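Now for the letters of each chain:
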Amino acid sequence: MDRPVLFGRKTDDHRMSYLQRFIKKYNRSILHILLEDWLGWLTRSLPAPLGFILRWMVYRALFKQMGSFCWIYPNVYLTHTYGIEVGKTFGINSGAVMDGRGGIKIGDDVMIGPNVVIASSNHDYQQHALPMARVDHVMAPVQIGNDVWIGANAVITPGVTIGDGVVVGAGAVVTKDVDAYCIVGGVPAKVIGHRQAGVQPSVMEMG
Ligand SMILES: CC(C)(COP(=O)(O)OP(=O)(O)OC[C@H]1O[C@@H](n2cnc3c(N)ncnc32)[C@H](O)[C@@H]1OP(=O)(O)O)[C@@H](O)C(=O)NCCC(=O)NCCS
């Protein structure tokens, strides 16, 4: 099979080197990505409360939209942040990864558990002509409503819409849209329950 050269000099799309393709693809966002890499590295592991405040300031500047102060725990990895929008009172726990390349839009009062992964693009795997690492990403935006809780280690795959009030159970892999107030779990995620209206909440007691 006639495989393309990986580091060829020609500028034909199929024969560009990784670096050439990277620069072509990220021409407009390359500065943003460099900035988020450095600022992320500088603030990622800082302890509270200074860490929370500095990460909030950094990502308020980098995100497409941020509704209010948000709780970004240490060691969260956020990339292509120009495509990430979050509402008010957003929280994301340690080890979580969000890649906003294809667009991630999150409502108010959303909690993202430890090690959650939210991806908004796929590699274009529906062809054999080139290695998947050498072709464009297929963008697929993710939307998450208000008052959503995503449990630890869940994965939200590209293109999924999650309705208001949804609970995503720990370890779920969400591959399809989820209706409002559903509780989903498993791989692939299925509805395992519904949040009931009219149940009195247990309010946090301080002190
Ligand atoms: C989804 C969740 C909220 C449900 O809690 P719950 O209402 O107490 O549910 P139960 O434990 O009574 O389980 C109800 C059913 O759902 C199943 N289930 C619960 N959590 C599940 C999950 N994450 N994935 C798949 N199935 C799950 C149970 O096995 C049970 O099934 P069964 O009726 O066939 O026995 C909870 O299990 C969960 O995953 N919480 C996330 C915790 C977390 O990640 N915290 C990190 C800090 S943010």
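This text goes with the structure placed above it.
Residues numbered from 1 in each chain as written. Predicted model: local features only at pLDDT ≥ 70, side-chain atom pairs only at ≥ 80, totals over all residues. Heavy atoms only, no water.

**Q** Can you walk me through the layout of surface pockets in this structure?
**A** Gaps left between atoms show up when a probe the size of a water molecule is rolled over them. Taken as a whole, the largest pocket spans an internal volume of roughly 520 Å³. Taken together, 14 residues line the largest pocket, and the ones lying closest to its centre are Met-111, Asp-147, Arg-195, Pro-201 and Ser-202. Residue composition of the lining of the largest pocket, grouped by class: nine nonpolar, two polar and three charged. (1 Å grid on protein atoms, 1.4 Å probe; cavity = no way out; pocket = protein on both sides within 12 Å on 5 of 7 lines; lining within 4 Å. Points joined across faces, edges and corners; volume = space filled by probe spheres on them. Nonpolar A, V, L, I, M, F, W, Y, C, P; charged D, E, K, R; others polar.)

**Q** What is the right way to read the pattern of salt bridges from this model?
**A** When the charged atoms of two side chains lie near each other, side chains of opposite charge can form a pair. Considering all chains together, one arrives at three salt bridges under this definition. Measuring nitrogen to oxygen at the nearest pair gives 3.7 Å for the salt bridge that ties Lys-64 to Glu-85. Taken as a pair, Lys-64 in the loop between α3 (50–62) and β1 (65–66) and Glu-85 in strand β4 (residues 84–86) lie far apart in primary sequence, 21 residues in all. Under the relative-accessibility criterion, Lys-64 is labelled exposed at 56%. Asp-99 is the partner of Arg-101 in a salt bridge, and the nearest nitrogen-oxygen pair spans 3.7 Å. Take Arg-101: its relative accessible area is 16%, and that puts it in the buried class. Since its relative accessible area comes to 16%, Asp-99 is described here as buried. (Salt bridge = Lys/Arg side-chain N within 4 Å of Asp/Glu carboxyl O. Helix = DSSP H or I, 4+ residues; strand = E, 2+ residues; numbered from the N terminus. Buried < 20%, exposed > 50% of the residue type's maximum accessible area, 1.4 Å probe, protein only.)

**Q** Where do I start with the site of the ligand in this structure?
**A** As a matter of local geometry, the ligand sits amid Gly-113, Pro-114, Trp-149, Gly-151, Ala-152, Val-167, Gly-169, Ala-170, Ile-183, Gly-185, Gly-186 and Ile-192. Within the contact set of the ligand, an oxygen atom lies 2.6 Å away from a backbone nitrogen or oxygen of Ala-152. Within the backbone of Ala-170, a nitrogen or oxygen atom sits 2.8 Å from an oxygen atom of the ligand. Against a free-state accessible area of 910 Å², the protein chains account for coverage of 38% of the ligand. (Near = heavy atom within 4 Å. Polar contact = N/O pair within 3.5 Å; in protein donor to acceptor, adjacent residues only side chain to side chain. Areas by Shrake-Rupley, 256 points an atom, 1.4 Å probe, with all protein chains shown as cover.)

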